[in-house]
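Report on the structure
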Amino acid sequence: MSALNRNQMAWRAAQDLPDGGVVNLGLGMPVLVSNYMPADRDIFLQSENGILGVGPEAAPGKEDRNLVDAGSRRITLRDGASIVDSVNSFAMIRGGHIDVTILGAFEVASNGDLANWDSRVPNKGPLVGGAMDLAAGAKSTWALMQYNTRDGGPRLLEACTLPLTAPGCVDWIYTDIAVVQVTADGFVACELIEGISAEDLKARTGAPIAIAGDCKPLMAPALDED
Amino acid sequence: MSALNRNQMAWRAAQDLPDGGVVNLGLGMPVLVSNYMPADRDIFLQSENGILGVGPEAAPGKEDRNLVDAGSRRITLRDGASIVDSVNSFAMIRGGHIDVTILGAFEVASNGDLANWDSRVPNKGPLVGGAMDLAAGAKSTWALMQYNTRDGGPRLLEACTLPLTAPGCVDWIYTDIAVVQVTADGFVACELIEGISAEDLKARTGAPIAIAGDCKPLMAPALDED
Amino acid sequence: MAIDKRAASAVEGIGPVKDGAVIMFSGFGGAGFANVLQEALLEIGPREITLVSNSATHPYSLTHKLIEAGLVAKVIVSAARGRGRDLSPFEELWRDGKIELECVPQGTFSERIRAGGAGIPAFYTAAGYGTDLGAGKEVREFNGRPHILETAITGDLALIRGDRADRYGNVSFRYTQMNFGTAMATACTHTVAEVREAQENAIPHHEVQLPGVYVNSVVAVGGEA
Amino acid sequence: MAIDKRAASAVEGIGPVKDGAVIMFSGFGGAGFANVLQEALLEIGPREITLVSNSATHPYSLTHKLIEAGLVAKVIVSAARGRGRDLSPFEELWRDGKIELECVPQGTFSERIRAGGAGIPAFYTAAGYGTDLGAGKEVREFNGRPHILETAITGDLALIRGDRADRYGNVSFRYTQMNFGTAMATACTHTVAEVREAQENAIPHHEVQLPGVYVNSVVAVGGEA
């Protein structure tokens, strides 16, 4: 199959979420993951502004401007949800109580370093939000990202060139062409779309990357791009 | 008049509590202060186990074993009360949000050092509770204590002989024979019961003590001892 | 005298504000912005203020008006990026060196404010270690992991938004309206709560989310729940 | 699979406990002691445990039974004094050097546990400075005042008591029953909540005082409210 689109990438990451887990989805593409949660798993989505148990977006006319998620979307609560203040929300995040955070990324290094908050646009103000807290505090950090830049340059690197969000935090990388694990020995491709060879992948990667012995085809159902 | 009894001492301290203030009363004699709160002042009593707005003890048959104060008394709540957990209660105490704490004391030094938690009884376990937090955190610490030991020895000293609760914390001392302010220059008696001369007081004090120029008679209404 | 913290107006509730004041503003994503109080603050017009707010530029907040009016000397925030490619008024002032910026990870931001209210002058955290925002901070290893030292933030004035308050200053919030308001109220000398409804009768103890000890003044502004 | 944290028994809810475990017990003044869980722990019988509880000897708690049974190697407490002049079983063991004691100011005790659950390995506080309990600790001045460094406490197991819980592990408390339970639940690998009532249906969000993420198992014990 061809490269996954954004919805397919989100779908693929969603399939690996642990049953009963607490998951925080970063802004941008990661929020799409909430559309594809496996039906057989009971997962609580955490939002940095204090929600444990984010539900679907509110239906038109049913919105409450005081019930919003980290992306300012007007949402609903799921069954069993609770709400705390920002201090307690970040105590949850920083204290290691989030099983998985899925974050967007500009770059990931083979030691797990993540760069996702500052693309160095001149004179634009910084926006870090909760990214550093999530990357440092979650039990596991997954990056959801395009494998390459628009120009075809590598984003999986030996060392990040952009400012770090946190060192050594990324465990898994879900991309349009591969699912990559970050191990003590560096990148290992565990799933790869058909039609891409190991040599193709290595050429598109800015660091050594191994192909897992049991590397599987990366697949996703047909899902329209937004 | 003769030396104040415990209820009279508690009454005297209560007269100085600030209107609208938040006050924490230590175990023992300080709890008696709650019986004599001036009717014209709206005061919130804080209890270290998380109550802001302790009310009177519960009437017989109306007790709830889950509604207790720091002394394990089964109490009621006053109008406007709220309850938090121990972490937030001590954040309130340590963050400087208690206007006055009234604590019992074994000894007070002329620099404001307080010793009130460890009388060095051999082999008895220590019991510090919230005393150090209150003494270090309250805006103002008042000691409520007998002026002398049972043997007539001094308890207002140049330096405490017993283990400290906190250094330099005591502002006022309410006793059976005098009300004493702890100033940068040491002890100053501001009220003294009739019949005790400055020389008597100095003889009963283990540190230099000045008599305030406007020193008044220490008085209290007749109140039976418990 | 019976405690009654209900103020007749936002300006009265805020009271005088000195130049150079450190002022905290609650709010996240459209919930919990005390915009009536912010308008009043603009009217009071203190100069050279330090603005402590999660975002310097959130479109639903009026903090940007304070910035545009030139009242702000410094911002402490986790977000300072204007929407779109054009520079926001904040970004222009920042580019020109006319406003100081301290950018803080949001969890460190809220924890530093909580510390300010809880008598904790400093604490260690792993968040921000090894990043530009942690650069220059003291590093110390605990349990084999490096952490950085972060210090408390305290303020002169907190402007927060709740749903209901009572005359004792007890506040309850609607859904995610709490966010930074609860911590900011503990960390400032003077806290004003803008609420939909300010009631004479006490809020029941189990509905109080911010105890009255932390609130100096309550301003009712009405509106829908 | 739909989350359901309700356990059939206290022993099942607690599960296996290894020797040397650090175990936290909530409760203050008769409120919030998980005595059914404590009886079950006695039955499970782990040895050389560290007991983290406000009091080592509170008469309404059963922690003293664990001590008398010789299961406890160390206590971390703010109160360890038995009532009366005679020595309590704890005090006898302590005098004989058979049990280790760490006595901590109660606010430092709760803050250290909170830090353990919040990813803060250490913080500074003024409480305890200049006292025997602060002796030997690192001293550092902030804002002209000396503070001491205190480190986080984390545990393997928390046994807490609430009023109601739901199948998600959300807990609500009655009056002052919360005390240390909320923080202890955040600081331990495995948390069991003993409650009067464990319900199938979710507790409404605004009544949840301890979010289910912090609770692994819920044991209903009935009794009056």
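Details of the structure are given in the entry above.
Please read these numbers as outputs of a predicted model, since none were measured by experiment. (Residues numbered from 1 in each chain as written. Chains lettered and ligands numbered in written order. Predicted model: local features only at pLDDT ≥ 70, side-chain atom pairs only at ≥ 80, totals over all residues. Heavy atoms only, no water.)

Before going further, it helps to examine the overall build of chain C. Tallying secondary structure elements over chain C gives six helices and eleven strands in all. Relative to its length of 225 residues, chain C is compact, with a C-alpha radius of gyration of 18 Å against a globular reference of 17 Å. Across its three principal axes, chain C shows a C-alpha extent of roughly 50 × 45 × 30 Å. Across chain C, contacts joining residues at least 24 apart in sequence account for 76% of those joining residues at least 6 apart. For chain C, the computed accessible surface area is about 8100 Å², with 45% contributed by carbon and sulfur atoms. Side-chain charges in chain C split into 21 positive and 26 negative, and the spacing between the mean points of these groups amounts to 3 Å. (Helix = DSSP H or I, 4+ residues; strand = E, 2+ residues; numbered from the N terminus. Rg over C-alpha atoms; globule rule 2.2 N^0.38 Å. Contact = heavy atoms within 4.5 Å. Areas by Shrake-Rupley, 256 points an atom, 1.4 Å probe, with all protein chains shown as cover. Lys, Arg positive; Asp, Glu negative; His and termini not counted. Charge placed at Lys NZ, Arg CZ, Asp CG, Glu CD.)

The next point concerns the overall build of chain A. A count of helices and strands for chain A gives four helices and 13 strands. Since a compact globule built from 226 residues should have a radius of gyration of about 17 Å, the 17 Å found for chain A is in line with a globular shape. Principal axes of the C-alpha set define a box for chain A whose edges measure 50 × 40 × 30 Å. Every one of the 226 residues in chain A was classed for burial, and the buried ones make up 62%. Considering only intrachain contacts with a sequence separation of at least 6, the fraction spanning at least 24 residues in chain A is 64%. (Buried < 20%, exposed > 50% of the residue type's maximum accessible area, 1.4 Å probe, protein only.)

What follows covers the packing of aromatic side chains. Tallied over the full model, the rule gives eleven aromatic pairs over all chains. Both rings, one in phenylalanine 90 of chain D and one in tryptophan 94 of chain D, keep their centres 6.3 Å apart while their planes meet at 10 degrees; by these two values the pair is stacked. Of the two residues, phenylalanine 90 of chain D and tryptophan 94 of chain D are both situated in helix H4 (residues 89-95); the distance of four residues between them amounts to about one turn of the helix. Cluster of aromatic residues (ring-pair linked, three or more members): Tyr124 and Phe142 of chain C together with Tyr124 and Phe142 of chain D. (Phe/Tyr/Trp six-rings, centres within 6.5 Å; stacked < 30°, edge-to-face > 60°.)

Time to look at the relation of the copies chain C and chain D. Of the transformation superimposing chain C on chain D, the axial component is 0.0 Å and the angular component is 180 degrees, with the fit at an RMSD of 0.0 Å. Taken together, the rotation angle and the small translation identify this as a two-fold axis. Distance from the rotation axis, computed per C-alpha, reaches its smallest value in chain C at phenylalanine 123 of chain C: 2.0 Å. Most of the interface of chain C is mirrored in chain D, where 100% of its interface residues are also at the interface. (Least-squares fit on C-alpha atoms with pLDDT ≥ 70 in both.)

Moving on, we get to the pattern of salt bridges. Residue and element names in this part refer to chain C. Per the stated rule, a full pass over the model turns up 56 salt bridges over all chains. The closest approach of N and O atoms between arginine 95 and aspartate 96, which form a salt bridge, is 3.0 Å. Its relative accessible area of 42% is what places arginine 95 among the partly exposed residues. A salt bridge links arginine 112 to glutamate 102; the nearest nitrogen and oxygen atoms lie 2.9 Å apart. Within this pair, whereas arginine 112 is found in helix H5 (residues 106-118), its partner glutamate 102 is found in strand S4 (residues 100-103), the two being separated by ten residues in sequence. By relative accessible area, arginine 112 is classed as buried at 6%. (Salt bridge = Lys/Arg side-chain N within 4 Å of Asp/Glu carboxyl O.)

Counting residues at the interface gives 15 residues for chain C and 15 residues for chain D. The junction of chain C with chain D conceals about 1400 Å² of combined surface from both sides, 57% of it contributed by carbon and sulfur atoms. A salt bridge links arginine 114 of chain D to glutamate 111 of chain C; its shortest N-O distance comes to 2.6 Å. Counting the contacts that link chain C with chain D gives seven residue pairs in polar contact (both at pLDDT 80 or more). Counting only elements with at least two residues in the side of chain C that touches chain D, the list comes to H5, strand S5 (122-125), strand S6 (139-142) and strand S7 (145-151) of chain C. Per-element accounting of the side of chain C that touches chain D gives the leading share, three residues, to S5 of chain C. Looking at the side of chain C that touches chain D, its residues break down into eight nonpolar, three polar and four charged. (Buried area = accessible area lost by both parts, 1.4 Å probe. Polar contact = N/O pair within 3.5 Å; in protein donor to acceptor, adjacent residues only side chain to side chain. Nonpolar A, V, L, I, M, F, W, Y, C, P; charged D, E, K, R; others polar.)

Okay, the pairing of S7 of chain C next. Residue and element names in this part refer to chain C. Note: S5 against S7, four bridges, orientation antiparallel. The partner of phenylalanine 123 across the bridge, within S7, is glutamate 150. The sheet contact formed by S6 and S7 spans four bridges and is antiparallel. Counted as the bridge partner of glutamate 141 is proline 146 from S7. In sequence, S6 turns back onto S7 through a hairpin of two residues, with asparagine 143 there showing a positive phi of about 50 degrees. (Pairing = 2+ DSSP bridges.)

Turning our attention to the sheet that holds strand S12 (residues 186-192) of chain A. All names here are of chain A. With mixed pairing, the ten strands of this open sheet are ordered in space as S4-S3-S2-S1-S5-S8-S10-S11-S12-S13. Both outer strands of the open sheet, strand S4 (75-83) and strand S13 (209-217), are each paired with one neighbouring strand and no more. On average, each strand axis in the sheet is tilted by 30 degrees relative to the strand beside it, whichever way the strands run. Bridge count between strand S3 (residues 51-57) and S4: four bridges; the pairing is antiparallel. Looking across to S4, one finds that leucine 52 is bridged to serine 82. (Axes fitted to C-alpha atoms, helices over the stretch in contact; angles between N-to-C directions.)

It is worth spelling out the interface of chain C and chain A at this point. It is common to give the size of an interface as the accessible area that goes away when the parts come together. Facing 51 residues of chain C, the contacting portion of chain A comprises 37 residues. In total, about 3400 Å² of surface goes out of reach between chain C and chain A, with carbon and sulfur atoms giving 57% of it. Considering only the surface of chain C that becomes buried against chain A, Arg81, Tyr175 and Thr176 of chain C emerge as the three largest contributors, covering 19% of it. Taken together, the connections running from chain C to chain A amount to two salt bridges.

Residues and elements named next belong to chain B. For the structure on display, the rule yields two cavities of 30 Å³ or more. For the largest cavity, the calculated volume is near 140 Å³. Along its surface, the largest cavity is lined by 15 residues, and Leu25, Val31, Gln46, Asp69 and Arg73 are the ones closest to its centre. Secondary structure elements with two or more residues in the lining of the largest cavity: strand S1 (22-25) and strand S2 (44-47). Residues of the lining of the largest cavity, tallied by class, amount to seven nonpolar, five polar and three charged. The calculated volume of the second largest cavity comes to roughly 40 Å³. (1 Å grid on protein atoms, 1.4 Å probe; cavity = no way out; pocket = protein on both sides within 12 Å on 5 of 7 lines; lining within 4 Å. Points joined across faces, edges and corners; volume = space filled by probe spheres on them.)

A few words now on the packing of helix H2 (residues 86-94) of chain A against helix H5 (residues 106-118) of chain D. A pair of packed helices is characterised by two quantities: the angle between their axes and the separation of those axes. One way to put it is that H2 of chain A packs onto H5 of chain D with a least axis distance of 7 Å and a crossing angle of 60 degrees. Seen from H2 of chain A, the contacting residues are Val87, Ala91 and Arg94 of chain A; seen from H5 of chain D, they are Arg114, Gly117 and Ala118 of chain D. Tallied by class, the residues present in the contact of H2 of chain A with H5 of chain D amount to three nonpolar, one polar and two charged.

Core analysis: the biggest nonpolar cluster contains 186 residues, and Ile173 of chain A together with Ile173 of chain B have the highest contact counts within it. If sequence neighbours within four positions are ignored, isoleucine 173 of chain A has contacts with Val108, Ala143, Met145, Leu156, Ala178, Val179, Val180, Val182 and Phe187 of chain A. (Core = buried A, V, L, I, M, F, W, Y, C linked by side-chain atoms within 4.5 Å.)

Looking at the secondary structure, you find glutamine 106 of chain C in helix H5. Among the residues examined, glutamine 106 of chain C registers a relative accessible area of 1% and is labelled buried. A distance of 2.9 Å separates the side chain of glutamine 106 of chain C from the side chain of glutamate 48 of chain A, its partner in a polar contact. Beyond its immediate chain neighbours, meaning those up to four positions away, glutamine 106 of chain C contacts Glu48, Phe90, Gly129, Gly130 and Asp133 of chain A together with Phe28, Asn54, Ser78 and Phe180 of chain C.

Turning next to the sheet that holds strand S6 (residues 107-109) of chain B. Residue and element names in this part refer to chain B. Spatially, three strands are ordered S7-S6-S9 in an open sheet, and the strand pairing comes out mixed. Here the strands that pair on one side only, and so sit at the sheet edges, are strand S7 (114-115) and strand S9 (156-157). The pairing of S6 with S7 spans two bridges and is classified as antiparallel. In the sheet register, valine 108 faces S7, and the bridge partner there is leucine 114.

Another point: helix H1 (residues 6-14) of chain B. Residue and element names in this part refer to chain B. Among the nine residues of H1, seven are classified as buried, and the element is accordingly described as predominantly covered. When H1 is considered as a whole, its buried residues turn out to be Asn7, Gln8, Met9, Ala10, Arg12, Ala13 and Ala14. Buried positions along H1 lie against strand S5 (100-104), strand S8 (140-144), strand S10 (170-174), strand S11 (178-183) and strand S12 (186-192). Among the residues of H1, the N-terminal cap falls to asparagine 5, whose side-chain oxygen and the backbone nitrogen of asparagine 7 are separated by 3.1 Å.

Any link to function would need more than the numbers given here.
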